[in-house]
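Coordinate analysis (summary)
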Amino acid sequence: MRLRSALTSALTVAAALTLTATAASATTGSTATRAVSLPGICPEKTLDVHASPGGQRNVARISVTNHGDRACVVDRIPTITFRGLDGSAEAVPPAGSGPYVLARGERAYATVRTADPAATEGHVVGSLSVSADPSHLGVTFRAATVGMPRGVHVWVPVTTLWQESRAAADSALADALG
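The text that follows walks through the structure, step by step, so that each part is easy to find. A quick note: this is a predicted structure, and the numbers were derived from the prediction, not measured. (Residues numbered from 1 in each chain as written. Predicted model: local features only at pLDDT ≥ 70, side-chain atom pairs only at ≥ 80, totals over all residues. Heavy atoms only, no water.)

1. Regarding the sheet that holds strand 12 (residues 158–159)
So the rule is basically this: Paired strands are those between which DSSP finds at least two bridges. Secondary structure elements are taken from DSSP: a helix is a run of H or I of four residues or more, a strand is a run of E of two residues or more, and numbering for both begins at the N terminus. Any pair of residues with heavy atoms lying within 4.5 Å of one another is described as a contacting pair. The axes used here are C-alpha line fits, helices contributing only the stretch in contact, and every angle between their N-to-C directions lies in the interval 0 to 180 degrees.
With respect to topology, 5 strands assemble into an open sheet ordered 1-2-7-12-5, the strand pairing being mixed. Looking at strand neighbours, the two that pair on one side only are strand 1 (47–53) and strand 5 (90–91), the edges of this open sheet. As paired elements, strand 1 and strand 2 (residues 59–66) share 7 bridges and run antiparallel to each other. Opposite Asp48, over in strand 2, you have Thr65 as the bridge partner. Taken strand by strand, helix 2 (residues 166–177) contacts strand 2, strand 7 (107–113) and strand 12, and its axis lies near 35° from that of strand 7.

And the structure:
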């Protein structure tokens, strides 16, 4: 379900931006008639996705790097799923899918928070998967790799949007959760 809505949203945003740029060009009297358009979706093989401990027992840091030869687009919300469970981490603050442009060689960061390991609600799983775009398969990381050696305790997981720095991702999570 998230894949279909994310792709639909991304295509809608791209179309709206193209139409807006064309309309703006036409109404300002500019002789330029070409529309400004977003680059295509990043091929999965050109992206490096990483996950690491986030400094707290229930936080992981993720990153994506574009190793392609040109700028491309991923979804602004990383897709984070948990082994054997339906659904994915929700964005904080709440946001819809949309494009996030990664320049050639650029890295983006996000932070994901799961349940406190001491919580009694939820499920414990052995891994989480991260995808830079819902159209990609993503990369799976064992719980120990992200600093959760007893498993990823999942209950209402949340993630930030992609940010320009690790500090910005950490700050976005802290600001969203108060």
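2. Observations concerning the state of the cysteines
The condition is simple: Throughout, a disulfide means two cysteine sulfur atoms within 2.5 Å of one another. For the exposure calls, accessible area comes from a 1.4 Å probe over protein chains only, and a residue counts as buried if that area is under 20% of its type's maximum, exposed if over 50%, partly exposed in between.
Under the definition given, this model contains 1 disulfide. With its sulfur 2.0 Å from that of its partner, Cys42 forms a disulfide with Cys72. Residues Cys42 and Cys72 are joined through a disulfide that is right-handed, its torsion about the S-S bond being 90°. In this pair, Cys42 is assigned in the loop between helix 1 (2–27) and strand 1 and Cys72 in strand 3 (residues 72–75), connecting sequence segments 30 residues apart. According to the relative accessible area criterion, Cys42 is buried, its value standing at 1%.

3. Digging into the sheet that holds strand 9 (residues 127–131)
Strand order in this open sheet of 3 strands is 4-9-10, and the pairing throughout is antiparallel. The open sheet has two free edges, formed respectively by strand 4 (79–82) and strand 10 (139–142), since each of these has just one partner strand. Going across the sheet, the axis of each strand differs from the next one's by a mean of 25°, ignoring polarity. As judged from the 4 bridges shared by strand 4 and strand 9, these two strands associate in the antiparallel manner. Counted as the bridge partner of Phe82 is Leu128 from strand 9.

4. Considerations on the nonpolar core
Most often, soluble globular proteins have nonpolar side chains that are buried together. Here is the rule we go by: Residue types Ala, Val, Leu, Ile, Met, Phe, Trp, Tyr and Cys, when buried and joined through side-chain atoms within 4.5 Å, form a set referred to as a nonpolar core.
Counting residues in each nonpolar core, the largest one holds 28 residues, and the members touching the most others are Val64, Val74, Ile80, Phe82, Leu128, Val152 and Trp162. Counting only elements with at least two residues in this core, the list comes to strand 1, strand 2, strand 3, strand 4, strand 6 (99–102), strand 7, strand 9 and strand 11 (152–154). The contact partners of Val74, leaving out residues within four places of it in the chain, are Cys42, Leu47, Gly98, Pro99, Tyr100, Leu102, Ala132, Asp133 and Trp162.

5. Here's the deal with the environment of Thr114
Looking at where Thr114 falls in the secondary structure, it is placed in the loop between strand 7 and strand 8 (123–125). Along the backbone, Thr114 and Ala60 are 54 residues apart, and their C-alpha atoms lie at a distance of 8.4 Å. With residues up to four places along the chain from it excluded, the contact list for Thr114 reads Asn58, Phe82, Met148, Val152, His153 and Pro157.

6. Quick look at the environment of Ala118
Take Ala118: it is sitting in the loop between strand 7 and strand 8. You can call Ala118 exposed: its relative accessible area is 60%. Counting along the chain gives 60 residues from Ala118 to Asn58, while the straight-line C-alpha distance between them is 10.0 Å.

7. Brief notes about the side chain of Thr111
Mapped onto the elements of the fold, Thr111 is located in strand 7. According to the relative accessible area criterion, Thr111 is buried, its value standing at 1%. Excluding its chain neighbours within four sequence positions, the residues that come into contact with Thr111 are Val59, Ala60, Arg61, Val158, Thr159, Thr160, Ala169, Asp170 and Leu173.

8. Concerning the pattern of salt bridges
Quick reminder of the rule: We count a salt bridge whenever a side-chain nitrogen from Lys or Arg sits within 4 Å of a carboxyl oxygen from Asp or Glu.
One pass over the full model with this rule turns up 3 salt bridges. Among the ionic pairs, Asp116 bridges to Arg57, the shortest N-O distance being 3.2 Å. One end of the pair, Asp116, is in the loop between strand 7 and strand 8; the other, Arg57, is in the loop between strand 1 and strand 2, and 59 residues separate them in sequence. Residue Arg57 is classed as exposed on the basis of its relative accessible area of 54%. Close ionic contact of Arg70 with Asp69 constitutes a salt bridge, the shortest N to O distance being 3.9 Å. One exposure class covers both Arg70 and Asp69, and it is exposed.

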